[in-house]
Amino acid sequence: MTTKPELQTEGSFVAGLAAIALFVVLGAVFMGVSFPAPAGFGEGASITKSLGAAMFDIEPSLLVGDAAVPAEGFLVAFILIAIALDAALDGALMLAKRDEEEEAVAADGGTHHGGDDS
């Protein structure tokens with residue numbers, strides 16, 4: 001028979017009060033700060049083409065004319081995100097391969113230890 005969860009009260013209330021105080025302080029800071037008006041790109045700006053031109057070291061005005069955007073700052077972020085996604089994909093493949101090997105061991109009862117099949 002299952003029982004319903006009970007509230008744990010053995011812990012220290014100091015940590016909870018510290019978390020609430022931190023929340024209040026950060027809330028007051030964020031509510032009191034003023035941000036400048038958002039500045040966007042001009043009408044018809046071609047960010048994607050400018051980023052492609054920056055990747056291949058081509059003058060952006062050759063591809064997009066007057067709609068070029070300075071994209072070098074975007075390029076660093078783009079490459080860092082690409083590296084992070086590549087690492088995540090490599091990790092997922094590694095974990096999937098490890099799972100397949102464990103399933104193979106489980107399928108033969110754990111008697112096969114690798115090496116020759118003889």
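Visitor: Before we go on, may I ask you to explain unusual backbone geometry in this structure?
Guide: If a residue is not glycine, its phi is most likely negative; likewise, a peptide bond is most likely trans. For Asp57, which is not glycine, the phi torsion reads 55 degrees and is therefore positive. Mapped onto the elements, Asp57 comes out in the loop between α2 (47–55) and α3 (60–64).

Visitor: I'm lost on the environment of Gly44 in this one. Help?
Guide: Locating Gly44 in the fold gives a position in the loop between α1 (13–32) and α2. Take Gly44: its relative accessible area is 54%, and that puts it in the exposed class. On a C-alpha basis, the gap between Gly44 and Ala68 in space is 9.3 Å, while along the polypeptide they are 24 residues apart.

Visitor: Can you walk me through the confidence of the model for the chain in this structure?
Guide: Predicted coordinates in areas of low pLDDT are best not read in detail. Looking at the chain, pLDDT values average 81 and 82% of them are 70 or higher. At the low end of the mean pLDDT range in the chain sits α3, at 76; at the high end sits α1, at 92.

Visitor: What is the right way to read α2 from this model?
Guide: The α-helix advances 3.6 residues per turn, and as a result positions three or four apart in sequence lie on the same side. Listing the buried residues of α2 in full gives Ser50, Leu51, Ala53 and Ala54. All buried residues of α2 fall inside an arc of 160 degrees around its axis, so they share one side. Residues of α2 that are exposed and point more than 90 degrees away from the buried face comprise Thr48 and Lys49. Downstream of α2 by one or two residues, Asp57 has phi in the positive range, about 55 degrees.

Visitor: Mind showing me how you'd approach a nonpolar patch on the surface here?
Guide: Taken together, the side chains of Met55, Phe56, Ile58, Leu62, Leu63, Val76, Phe78, Ile79, Leu80 and Ile83 define a hydrophobic patch exposed on the protein surface, amounting to about 1,000 Å² of accessible area. Elements with a minimum of two residues in the nonpolar patch: α3 and α4 (72–107). Per-element accounting of the nonpolar patch gives the leading share, five residues, to α4. Along the chain, Phe56 falls in the loop between α2 and α3.

Basis of the calculations
Residues numbered from 1 in each chain as written. Predicted model: local features only at pLDDT ≥ 70, side-chain atom pairs only at ≥ 80, totals over all residues. Heavy atoms only, no water. Helix = DSSP H or I, 4+ residues; strand = E, 2+ residues; numbered from the N terminus. Buried < 20%, exposed > 50% of the residue type's maximum accessible area, 1.4 Å probe, protein only. pLDDT = per-residue confidence, 0-100. Arc of directions from axis to C-beta. Patch = residues over 30% accessible without salt bridge, like charges linked within 9 Å, V, L, I, M, F, W, Y side chains within 5 Å. Areas by Shrake-Rupley, 256 points an atom, 1.4 Å probe, with all protein chains shown as cover. Salt bridge = Lys/Arg side-chain N within 4 Å of Asp/Glu carboxyl O.

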